[in-house]
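This is what each chain is made of:
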Amino acid sequence: MTDTQQTSAVQRLPHCTIPAAFAERVRETPDDAAYIHFQNGAWITLTWRDIADCVARRRAAFAASGLQPGDRVGIFLPNGVAWVVSDLAAMSESLVTVPVYTRDSAANICHVLRDSGAALCLTDTAERWAALDTAQADLPALKHLWVLRGDAGDDPRATPCPDPETGAPRVLSQTDGSPDDLATIVYTSGTTGPPKGVMLPHRALIWNASAVSQLCPISKADVFFSILPLAHAFERSLGYVCPMLGNSAVAFGRSVEDLVEDMKTVQPTVMLAVPRLFEKVRETAIEKARASILSRNLLAWTEALGWRRRMADEGRCPPPSLAARLLWKLFGQSVAAHVRAAFGGRIRMVICGGAPLGPETSQFFAAMDLPLLQGYGLTEAGPAVTGTTIENRRSDSVGCALPGSELAIGARQELLVKSPGLMLGYWKKPDATKEVIDEEGWLHTGDAAEMRDGRVYIQGRIKDILVLSTGENVNPVPIETALLSDPLIEQVCVLGDGKPHCTAVVVVDPVKLQEWLGEVQLSPDADHWPKTRRALARRFSRLMVDIPPFARIRDVVVETEPWTLESGLITPTLKAKRSRIIERYDQALNEIYE
């Protein structure tokens with residue numbers, strides 16, 4: 001049995017809470033590497049015993065806080081050891097953790113804390129909290145704000161995070177709590193309205209991580225590289241709970257700017273990522289190859305040869321000819337290895353999720369022999385729904401149902417899921433829960449799909465929620481509402497599904513446009529239009545104050561002819577038809593994203 005095939009007592013725990021699984025991991029392998037992070041100019045490795053000591057102190061602080069089992073604790077922290085320690089310590093005291101995206105808008109952040117009724121919130125600095133401005137004043141349930149570093153700030157609820165050095169906090173016990181207890185409330189955007197809280201019990205996250213591990217075994221030999229927010233269920237389950245069960249170390253990347261250097265230093269073997277990362281790596285490789293005709297040709301030949309090899313491996317075409325195999329050995333292997341080196345040189349498995357991976361990007365990395373595994377999931381399912389193995393991966397499919405789960409196709413080709421990983425429901429929204437989980441226990445995903453030979457092929461979103469290639473979910477309605485508050489705009493449609501950022505197609509009042517152009521001394525002439533469009537984008541950006549930064553529009557397509565029923569661009573209820581608008585403005589949109 002190889003290192004990657006070995007299982008531990010933790011992985012074999014059939015039903016337990018997350019703190020119980022952590023306690024067993026500490027008992028079983030106390031001195032193995034748990035987390036790697038950059039501190040004081042150097043990479044530091046912490047063992048499971050080290051983490052257990054930190055959790056015990058943080059748990060003692062929670063025990064002395066006066067909070068009761070079931071109280072909610074907001075985790076308003078960037079990725080890192082402190083995030084994991086706070087999560088484990090709170091759950092060990094039977095508290096319910098509420099992850100908060102640090103990049104979200106102040107309005108959404110405070111909505112999450114307010115709606116969940118969080119009694120305590122942890123943040124890293126007073127400056128991060130102060131940036132919420134007046135929005136954080138309207139949080140009636142919040143009694144405590146713990147600041148981990150530096151001064152606590154001016155908020156009367158704020159204190160430095162307690163860190164008991166002495167005392168005897170309770171030892172973690174596998175019998176504490178039930179797997180069916182609520183562990184966390186993860187907020188996710190829907191098609192309309194503010195984010196909804198998804199209630200996930202311990203069993204959902206434990207089962208989800210265990211099921212994925214059956215398809216993709218991991219071990220002590222693996223090092224995960226963490227770059228996605230732990231507030232996202234994808235990273236939390238597969239990049240935090242899964243490595244804990246498998247005794248794999250997790251290295252936290254410093255920032256997007258340091259990504260390439262960090263991967264070269266850490267040399268991870270496993271990585272979770274969203275499509276945007278692969279798009280950037282592909283774009284960089286293509287840009288570098290433009291330096292010479294030889295480089296361009298080598299990359300193009302390698303992609304063509306590699307894709308043929310991958311297609312043959314997937315049984316979709318005959319094996320390559322002898323000449324093709326020789327060419328691959330002569331230069332293809334070397335070029336592909338150079339592309340893979342961007343991931344540190346030791347990568348053996350990359351799991352892509354959070355958003356659909358574009359076919360060009362999928363084909364490129366399949367051709368470069370990168371073991372890129374696509375999956376599908378949603379927060380309400382804990383989150384993984386499908387997965388695949390390294391040996392049986394296909395570049396056009398998101399894989400098969402996780403072991404122990406069921407999939408079905410419902411009305412409108414909607415993918416339905418039934419598994420132990422499903423949510424308990426939406427926090428304080430029983431009616432919304434009934435809309436997505438039917439009486440037979442099927443979760444309605446809202447995604448259209450096709451199933452062939454057990455494999456799932458996602459065909460697109462049934463509803464209009466936009467999923468950027470960065471993995472962020474964007475509800476276009478608040479953005480469109482904000483834009484329509486500008487007197488210049490008559491109609492609007494926000495687009496960006498599968499793209500790195502949002503763009504708006506706006507129908508403007510031609511008379512008001514002319515007046516505004518005169519005020520800002522711009523010309524509508526074609527030669528000056530790019531500058532005019534950028535000025536319009538800046539004008540509209542001022543309306544994005546309450547929109548999360550990742551969701552804000554960065555460019556606009558301007559139209560002066562109103563959309564009508566006759567044109568087929570709007571419905572009888574005057575809603576924009578996104579698919580038709582994308583077709584109508586395809587050239588302009590391509591120019592923007594290129």
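Residues numbered from 1 in each chain as written. Predicted model: local features only at pLDDT ≥ 70, side-chain atom pairs only at ≥ 80, totals over all residues. Heavy atoms only, no water.

Draft legend 1. Representation of the sheet that holds strand β25 (residues 489–495) within the structure. The strand order β25-β26-β27 describes an open sheet built from three strands, whose pairing is mixed. Looking at which strands have only one partner, the edges of the open sheet turn out to be β25 and β27 (553–559). Neighbour to neighbour, the strand axes of the sheet diverge by 25° on average, direction disregarded. Sheet topology note: the β25/strand β26 (residues 502–508) ladder contains six bridges and is antiparallel. When the sheet's bridge partners are listed, Val492 is paired in β26 with Val506. Contacting β25, β26 and β27, helix α15 (residues 476–484) runs over the sheet at an angle of about 155° to β25. (Pairing = 2+ DSSP bridges. Helix = DSSP H or I, 4+ residues; strand = E, 2+ residues; numbered from the N terminus. Axes fitted to C-alpha atoms, helices over the stretch in contact; angles between N-to-C directions. Contact = heavy atoms within 4.5 Å.)

Draft legend 2. Representation of the pattern of salt bridges in the model. Overall, the coordinates contain 26 salt bridges when judged by the stated rule. We note a salt bridge from Arg27 to Glu24, for which the minimum N-O separation is 2.4 Å. Within this pair, Arg27 and its partner Glu24 are both found in helix α2 (residues 18–28), separated by three residues, close to a single helical turn. The class for Arg27 is exposed, based on a relative accessible area of 56%. A salt bridge links Arg310 to Glu314; the shortest N-O distance between them is 3.1 Å. Of the two residues examined, Arg310 and Glu314, each falls in the buried class. A cluster of three or more residues bridged by salt bridges with shared partners is formed by Arg310, Glu314, Arg316, Arg394 and Asp396. (Salt bridge = Lys/Arg side-chain N within 4 Å of Asp/Glu carboxyl O. Buried < 20%, exposed > 50% of the residue type's maximum accessible area, 1.4 Å probe, protein only.)

Draft legend 3. Up close: the packing of α2 against helix α8 (residues 233–246). α8 packs onto α2 with a crossing angle of 40° between their chain directions and a minimal axis gap of 9 Å. What the angle tells us is that α2 and α8 run oblique. Between α2 and α8 the crossing geometry is left-handed. Residues Ile18, Ala21, Phe22 and Arg25 of α2 touch α8, and the partners they reach there are Val241, Met244, Leu245 and Gly246. A breakdown of the residues in the contact of α2 with α8 according to their chemical character gives six nonpolar, one polar and one charged. (Parallel < 35°, antiparallel > 145°, perpendicular 65-115°, else oblique. Left-handed = near helix turned anticlockwise from the far one by under 90°. Nonpolar A, V, L, I, M, F, W, Y, C, P; charged D, E, K, R; others polar.)

Draft legend 4. Molecular detail of the packing of aromatic side chains. Following the criterion strictly, the structure yields 13 aromatic pairs and no others. Judged by centre distance (5.8 Å) and plane angle (10°), the ring pair of Tyr35 and Phe252 falls under stacked. Of the two residues, Tyr35 sits in strand β1 (residues 33–39) while Phe252 sits in strand β11 (residues 249–252), which places them 217 residues apart along the sequence. Judged by its relative accessible area of 2%, Tyr35 falls in the buried class. When the centroid spacing of 5.2 Å and the interplanar angle of 90° are considered together, the rings of Phe364 and Phe365 count as edge-to-face. Across this residue pair, the class does not change: Phe364 and Phe365 are buried. (Phe/Tyr/Trp six-rings, centres within 6.5 Å; stacked < 30°, edge-to-face > 60°.)

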